[in-house]
Amino acid sequence: MGIRLVTATALVGAVSALVVPGVASAAPREPAPRPGADRSLEEVRKQVDRLYRKAEAATEAYNAARSASKKQSREIVRIAKEIVRAQEKMDRLKNRAGALARAQYRNGTLPDQALLLLKSRPEDFFHDADLARKGQQATRGLMGAMARTQSDLDEYASSASEQWQKLEDNRKKKAGAKQEIKKRLAAAKKVEDRLEKDELKRLRELENEAARQAQAKWLDSGVLDEISDRASKKGRKAIAFATKQIGKDYVWGAEGPDTYDCSGLTSQAWLAADRPIPRTSQEQWRQLPRVEIRDMRPGDLIIYHHDASHVGMYVGDGAIVHAPRPGRQVTLAGAGSMRILGVVRPDK
């Protein structure tokens, strides 16, 4: 049986001005007009937003490289274990081959005609000949097993070398992404540090106003008319986890339990619902089943921006829970307050 999400007073109060139908589409309270200053600050707002967006894109690249490095490290360990097993098998095969060689040496090799003459009974000769044939077959089988095992060892060595190269490449990508993140965040901080206290306050107001306007436009389109407010069982678990993280700081590359970035929050929320999903927003967009916005339900993930660099979890009533950016905390926001790329469903 489905439940209506985001009904708790604390949650509704947090976003009532942004996301609740009927309230969100009402005319927002207009701040005191400051034409010249606001035009200048609006450019600053757009500049800061671009810098944080680029930092977030770099964060997802960092997360992807780190995730790939972890996977390759595990693969290298697996290959190493396979090499040990194959080498142990090769040692056993070599011991068997040595024993066969020593037995053949002790028995010697005479022409079949001579062996027939030396045997007191012909049936002894044919019995021994049959044993010899079986011994030859066993030898050929042993040599084949040794060849296959050596081929496996060569293949494992080649795979290990390839994985080491991929690991090194991803370490470089991770380092490059880390530098890009620091660069963009430093640039954004530099821009904000140049503002006076009242200008910084006004900048935050402009940011909130831009989000309110985008959300109001989204709601005015009638999008909520068809969207269900009933989550699946696992979706409810994921939402419960994500909303419990509200108030925790955003830290790039973090996946809990004390701090999160955007995809760290969504991936951990669905892991808590026993449904592991890809770590990054781009991979969540690429790998998870997509659904139309009109078919969206609580627990689904909304992917934002053209490069899929941000993700939030839909919780119902036109709201998402997400980790916005550095300097902010996990919070509720309007699902339409950013440009939507599409929606994916982890448990479809």
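Scope of this entry: the structure provided in the associated data block.

Analysis parameters
Within each chain, residues carry numbers counting from 1 in the order of the written sequence. Predicted model: local features are reported for residues with pLDDT of at least 70 only, side-chain atom pairs are reported and counted for 80 or more only, and whole-chain, interface and lining totals are derived from all residues. Hydrogens and waters are ignored; side-chain quantities use all the structure's heavy atoms. Helix and strand assignments come from DSSP, with helices taken as H or I runs of at least 4 residues and strands as E runs of at least 2, each series counted from the N terminus. When accessible area is computed with a 1.4 Å probe and restricted to protein chains, residues below 20% of their type maximum are described as buried, those above 50% as exposed, and intermediate ones as partly exposed. Contacts are residue-level and defined by heavy atoms, with any inter-residue pair within 4.5 Å sufficient. Here the accessible surface of atoms and residues is derived via Shrake-Rupley with a 1.4 Å probe, and residues count as covered only by protein chains that are part of the display. Grouping buried Ala, Val, Leu, Ile, Met, Phe, Trp, Tyr and Cys residues that are joined through side-chain atoms within 4.5 Å yields what is termed a nonpolar core. Any residue with relative accessible area above 30% and no salt bridge may belong to a patch, with like charges joined within 9 Å and the nonpolar Val, Leu, Ile, Met, Phe, Trp and Tyr side chains within 5 Å. Here, a salt bridge means any Lys or Arg side-chain nitrogen found within 4 Å of an Asp or Glu carboxyl oxygen. For the purpose of charge, His is not counted, nor are the chain termini; Lys and Arg are scored as positive and Asp and Glu as negative. Think of each charge as sitting on NZ of Lys, CZ of Arg, CG of Asp or CD of Glu. For two strands to be treated as a pair, DSSP must find at least two bridges joining them.

With that settled, consider the overall build of the protein. Secondary structure summary: the protein contains 8 helices and 6 strands in total. The order of α-helices and β-strands along the protein, N terminus first, is α-α-α-α-α-α-α-α-β-β-β-β-β-β. Within the protein, the proportion of its 348 residues that are buried is 39%. Within the protein, residue pairs in contact and separated by at least 24 positions form 72% of the contacts whose partners lie at least 6 positions apart. When the accessible surface of the protein is totalled, it reaches about 19,800 Å², and 52% of it is carbon and sulfur.

Moving on, we come to the nonpolar core. One recurring pattern in soluble globular proteins: nonpolar side chains tend to sit buried together. Within the largest apolar cluster, 26 residues are counted, with the highest numbers of intra-cluster contacts made by W270, L301, M313 and V321. Contributing elements (two or more residues each) for this core: helix 6 (233-244), helix 7 (262-272), strand 2 (301-304), strand 3 (310-316) and strand 4 (319-322). Tallying contributions element by element places helix 7 first for this core, with 4 residues. If we ignore the near neighbours within four places in the chain, the residues touching V321 are A242, T243, I246, L265, G312, M313, V315, V330, T331 and L332. With 16 residues, the next largest nonpolar core counts L41, Y52, A55 and A58 among its residues.

In terms of burial, helix 7 is a largely internal element, 8 of the 11 residues being buried. Where helix 7 is concerned, the buried positions are C262, S263, G264, L265, T266, S267, A269 and W270. A positive phi of about 65° marks D274, the residue just after helix 7.

Turning to a positive patch on the surface, a few remarks are in order. A cluster of basic residues, K46, R50, K54 and K183, forms a positive patch at the surface. Per element, the largest residue contribution to the positive patch is 3 residues, and it comes from helix 2 (residues 35-107). Judged by its relative accessible area of 35%, K46 falls in the partly exposed class.

The subject of this paragraph is the pairing of strand 4. Covered by surrounding structure in strand 4 are A319 and V321 together with I320 and H322, the residues of both alternating faces. Hairpin remark: strand 3 followed by strand 4, antiparallel, with 2 residues in the connecting loop; positive phi at D317, about 55°. Here strand 4 runs beside strand 5 (residues 331-334); their pairing, made up of 4 bridges, is antiparallel. Looking across to strand 5, one finds that V321 is bridged to L332.

All right, on to the pattern of salt bridges then. Across all of its chains, the model carries 21 salt bridges by this definition. In this structure, R204 engages E192 in a salt bridge whose closest nitrogen and oxygen atoms are separated by 3.3 Å. Of this pair, R204 sits in helix 5 (residues 197-220) while E192 sits in helix 4 (residues 122-193), and the two are 12 residues apart along the sequence. Take R204: its relative accessible area is 27%, and that puts it in the partly exposed class. Among the salt bridges present, the one from E207 reaches R325, with a minimum N-O distance of 3.3 Å. Of this pair, E207 sits in helix 5 while R325 sits in the loop between strand 4 and strand 5; the two residues are 118 residues apart in sequence, bridging distant segments of the chain. Taken individually, E207 and R325 each receive the classification buried, so the pair is uniform in this respect.

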